[in-house]
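# Commentary on secondary and tertiary structure
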Amino acid sequence: MKIGVFDSGLGGLTVVQALTQVIKGAELFYIADTKHAPYGEKSPEQILRYSLDITNYFLKEYQIDVLIIACNTATSAAIQTIREQYPDLIVIGTEPGIKPAFEQTQTGKVGVLATPATLKGEKYQQLAGTLSAQKEVVLYEQACPGLVEQIEKGEIHTDKTREMLLSWLDPMKKNDVDTIVLGCTHYPLVSEVIEHVMERRLTLIHTGDAIAKRLLSLGEQTGHRNEGALKISLFSTANISNEIVHNIIGREIDAKTINL
Ligand code: DGL
């Protein structure tokens, strides 16, 4: 099985990390589109263009069988068009885990952290509306502009990142939120800071494990034998930090720069 995975940067590697726990005997190609990051502050048309360029690259260069959009923002803007344009490609997207959050909250107060584009997107709005009609839960939605850049720079435990999170999380802290949806694949990388700022036991929801299970099940249906090594190749469209790659994946992987 050949798997193409992409995100605007290194955040999608949190999904790859979950895949490494479950998927064997496959080749995985990851593109960090750092030249165009952050996606979350771009228009839906721009995000769709980047996503289609990456999909075409994967298909032309590596003949992938499966595409994983390891980015909530790109899933919202592009998954429908990609599925329409490539009906033979298996496409798995990433969506904020508000459904499990609605199921797990004890206080009935749920926080959602995501990029501005994801929160504004139709997909998110529809899902939040459907779930809110089924169960009474107060949602504290917060866009986090600038957080992706902090994470890409490796600025996780810095004063600036802590202050940004302090101001965004303040209403959640004051209002008994017990469950926070990490609606951007970069945000699991600041989980510790979020827990520290919230000063309480929290359920943090991210979707890497669910994506890994989905890929395994779809792979089995198409005859994938889940045995042997998982080979990972890494590409980026501008500079990335090898140290961050190592911190997420737990090993060194040299990234090649590509022009997209
Ligand atoms: N990691 C991405 C997401 O899940 C996108 C972040 C960005 O580039 O704004 O939404």
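Scroll up to find the structure this text is about.
An account of the accompanying structure is given in this report.

What counts and what doesn't
- Residues numbered from 1 in each chain as written.
- Predicted model: local features only at pLDDT ≥ 70, side-chain atom pairs only at ≥ 80, totals over all residues.
- Heavy atoms only, no water.
- Salt bridge = Lys/Arg side-chain N within 4 Å of Asp/Glu carboxyl O.
- Helix = DSSP H or I, 4+ residues; strand = E, 2+ residues; numbered from the N terminus.
- 1 Å grid on protein atoms, 1.4 Å probe; cavity = no way out; pocket = protein on both sides within 12 Å on 5 of 7 lines; lining within 4 Å.
- Points joined across faces, edges and corners; volume = space filled by probe spheres on them.
- Nonpolar A, V, L, I, M, F, W, Y, C, P; charged D, E, K, R; others polar.
- Near = heavy atom within 4 Å.
- Polar contact = N/O pair within 3.5 Å; in protein donor to acceptor, adjacent residues only side chain to side chain.
- Areas by Shrake-Rupley, 256 points an atom, 1.4 Å probe, with all protein chains shown as cover.
- Sits in = over half its atoms within 2 Å of the grid points.

The next subject is the pattern of salt bridges. Counted according to the given criterion, the structure contains eight salt bridges. Among the salt bridges present, the one from Lys99 reaches Glu103, with a minimum N-O distance of 3.9 Å. Placement of the pair is Lys99 and Glu103 together in helix 4 (residues 98-104), with a separation of four residues, close to one helical turn.

Glancing now at empty space enclosed by the protein. Summed over the entire model, instances satisfying the criterion amount to three cavities of 30 Å³ or more. Its volume calculated, the largest cavity comes out at about 90 Å³. Taken together, 17 residues line the largest cavity, and the ones lying closest to its centre are Pro38, Gly40, Thr115, Val148 and Cys184. The class makeup of the residues in the lining of the largest cavity is nine nonpolar, six polar and two charged.

Before going further, it helps to spend a moment on the site of the ligand. Neighbouring the ligand are 13 residues, the closest being Ser8, Tyr39, Gly40, Thr73 and His186. Within the backbone of Asn72, an N or O atom sits 2.8 Å from an oxygen atom of the ligand. In the environment of the ligand, an oxygen atom lies 2.8 Å from a nitrogen or oxygen atom belonging to the backbone of Thr185. Taking 300 Å² as the accessible area of the ligand by itself, protein coverage stands at 99%. The pocket occupied by the ligand, as judged from atoms lying within 2 Å of grid points, is the largest cavity. Among the residues making up the shell around the ligand, the classes are represented as five nonpolar, seven polar and one charged.

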